[in-house]
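# Notes for the structure review
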Amino acid sequence: MKREQEPKTAPGGAGEAGPDGMAERALVPACPKGRPGRLQLHLLSGEFDQLRDFPIFESNFMQVTRLGEVVNKVTMGVAASSPALELPDLLLLAGPAKENGRLQLFGLFPLQFVQLFVHDESRWQLKVKFRTGRAFYLQLRAPPETRDREFGQWVRLLYRLRFHSAQGAVPFTQEYSWLEDEEDEEDQEDEDGDLMEREELRDMEARLDPQSSELWGL
Amino acid sequence: MTYAYLFKYIIIGDTGVGKSCLLLQFTDKRFQPVHDLTIGVEFGARMVNIDGKQIKLQIWDTAGQESFRSITRSYYRGAAGALLVYDITRRETFNHLTSWLEDARQHSSSNMVIMLIGNKSDLESRRDVKREEGEAFAREHGLIFMETSAKTACNVEEAFINTAKEIYRKIQQGLFDVHNEANGIKIGPQQCISTSVGPSASQRNSRDIGADSGCC
Ligand SMILES: Nc1nc2c(ncn2[C@@H]2O[C@H](COP(=O)(O)OP(=O)(O)OP(=O)(O)O)[C@@H](O)[C@H]2O)c(=O)[nH]1
Ligand SMILES: [Mg+2]
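Only a predicted model underlies this, so the values are computations on that prediction, with no experimental measurement involved.

### Points about the overall build of chain A
The helix and strand tally for chain A stands at 6 helices and 7 strands. Counting from the amino terminus, helix and strand elements in chain A follow one another as α-α-β-β-β-β-β-β-β-α-α-α-α. With 218 residues in all, chain A has 53% of them scored as buried. On chain A, roughly 10,000 Å² of surface is accessible, and the fraction owed to carbon and sulfur atoms is 52%.

Here is the structure:
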């Protein structure tokens, strides 16, 4: 099983990690995704049998307003409901529970009804838009030394998802109205310029991070 | 927070009947007047006390709209309880109950406790489905029945809690095998950690997981 292959303890032992996991992370800056993230740990905690074996790519974010004011913490992940899938098909959102601050899963959304955009690359911000029109903005929270790389993985992912749906592999595409949305067009322009560059980076980064490369070549 | 059992619930029924509002009223004691169409599944959780036992309800609020249905169906599996909801002011939502019920029975355990809910009982003047019709449908299909209002909170607690009581009763009667995960019931963390030294009481299986950092 997948999780058995993942390193169970960080170098130096989990006992030396700070309560927020930062100490562990600092020891392995080159591989932020080499060990299960908070969302994955939450799903492994035993309360979500059905979701526990999903391959997941996740990051911690700050939800911000369109103008960048901080709203709250969010952990977002993409997951594949079957390991055989070429690309993830689910978006998972989690955040601190009101009563105790522990991470809690808020929702699971088929990616075919969600669109991801780069909102502000210089601030590592993504825009997440549901087919129902609901949208929100997320700013990546990651150590400075890995932030660009981690954001790059999300950018690559959103392109791959978009290509995938553009090829008609996903039903409901015709019902989308993203492109008619003025704001999205802006986003679209922002991103198109980076496209080639991103694709080129892919191979190199896949080598740097074997764990993630197993996950959809991010 | 420890609990004796965790029950997985699903909330199903046509779009707009008030599934998400029922969940929000139960977990947050709030009402949301705008219809925020659910896509996929949204989660809620709350502790309840049944017979002096702490029970955690893990609630999967599913999308009612037809285009999402084939996807959400796959998450019915392993539910111990289901709230099957219709809107007392819209007869078509009542007419669709049979198809929801078929779906639920097909995709989940046969022991699943199903609570039929006629929601929006505050809109008496616009009532389109008589209470007796709801009762009759429930009787015919072996469901529990209640009318609720997610707006006024009337019977909302009761709907969730009575479902839990019924599941708990079935466990005590030995009708549910609590060790079979497919039944949607889990034994709480403190009940099974006897020798292992988990870092936190709420983590059931300390072998698989590191210290949950709570909030980072
Ligand atoms: N008056 C009244 N309105 C309600 C009640 N419950 C829900 N509503 C309203 O009904 C609409 C739909 O409620 P939701 O809870 O979003 O519906 P849903 O069943 O989750 O719909 P989907 O997510 O599309 O499946 C909203 O506008 C609510 O404000 C109620 O008890 N009384
Ligand atoms: Mg809903």
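### With respect to the site of ligand 1
Residue and element names in this part refer to chain B. Every one of the 24 residues lining ligand 1 counts as a neighbour, but T15, K19, G64, D122 and A150 are closest to it. Between ligand 1 and the protein, one listed contact pairs an oxygen atom with a side-chain N or O atom of K19 at 2.6 Å. Between an oxygen atom of ligand 1 and a main-chain N or O atom of A150, the distance comes to 2.8 Å. Summarising the interface, the protein chains cover 93% of the accessible area of ligand 1, which totals 660 Å² for the free molecule. Sort the elements by how many residues they give to the shell around ligand 1 and helix α1 (residues 19-28) lands first, with 3 residues. Residues belonging to the shell around ligand 1 are distributed by class as follows: 9 nonpolar, 10 polar and 5 charged.

### Notes on the packing of aromatic side chains
Residue and element names in this part refer to chain B. Applying the stated criterion across every chain, the model contains 15 aromatic pairs over all chains. For the ring pair F94 and F137, a centre distance of 5.9 Å and an interplane angle of 65° mean the geometry is edge-to-face. Placement of the pair is F94 in helix α3 (residues 91-95) and F137 in helix α5 (residues 131-141), with a sequence separation of 43 residues. Neither F94 nor F137 differs from the other in exposure class; each is buried.

### Things to note about the coordination of the magnesium ion (ligand 2)
Residue and element names in this part refer to chain B. The protein atoms that coordinate the magnesium ion (ligand 2) are S20 (OG) and T38 (OG1), at distances of 2.0 to 2.1 Å. One end of the pair, S20, is in helix α1; the other, T38, is in the loop between α1 and β2 (41-50), and 18 residues separate them in sequence. Residue classification places T38 among the buried residues on the basis of a relative accessible area of 7%.

### Side note on the pairing of strand β4 (residues 81-87) of chain B
All names here are of chain B. Most of β4 sits out of view: 7 of its 7 residues are buried. With 4 bridges joining them, strand β1 (residues 5-12) and β4 adopt parallel strand pairing. Note that in β4 the partner of Y9 across the bridge is G81. Strand direction decides the pairing type here: β4 and strand β5 (residues 113-119), joined by 7 bridges, are parallel. Residue pairing across strands places D87 opposite N119, the latter belonging to β5.

### Considerations on the environment of P88 of chain A
Counting through the fold element by element, P88 of chain A comes out in the loop between β2 (70-79) and β3 (90-96). It is 31 Å that separates the C-alpha atoms of P88 of chain A and E99 of chain A, two residues lying 11 residues apart in sequence.

### Considerations on helix α4 (residues 97-107) of chain B
Residue and element names in this part refer to chain B. Those residues of α4 that fall on the buried side of the exposure criterion are L97, W100, L101, D103 and A104. Down the axis of α4, the buried set is contained in an arc of 160°. They therefore lie on one face. The exposed residues of α4 that point more than 90 degrees off its buried face are E102 and Q106. Each element contacted by the buried residues of α4 is listed here: β1, α2 (66-73), β4, α3, β5 and α5.

What counts and what doesn't
- Residues numbered from 1 in each chain as written.
- Chains lettered and ligands numbered in written order.
- Predicted model: local features only at pLDDT ≥ 70, side-chain atom pairs only at ≥ 80, totals over all residues.
- Heavy atoms only, no water.
- Helix = DSSP H or I, 4+ residues; strand = E, 2+ residues; numbered from the N terminus.
- Buried < 20%, exposed > 50% of the residue type's maximum accessible area, 1.4 Å probe, protein only.
- Areas by Shrake-Rupley, 256 points an atom, 1.4 Å probe, with all protein chains shown as cover.
- Near = heavy atom within 4 Å.
- Polar contact = N/O pair within 3.5 Å; in protein donor to acceptor, adjacent residues only side chain to side chain.
- Nonpolar A, V, L, I, M, F, W, Y, C, P; charged D, E, K, R; others polar.
- Phe/Tyr/Trp six-rings, centres within 6.5 Å; stacked < 30°, edge-to-face > 60°.
- Donors = N, O, S within 2.8 Å, 3.2 Å for Na, K, Ca; no water.
- Pairing = 2+ DSSP bridges.
- Arc of directions from axis to C-beta.
- Contact = heavy atoms within 4.5 Å.

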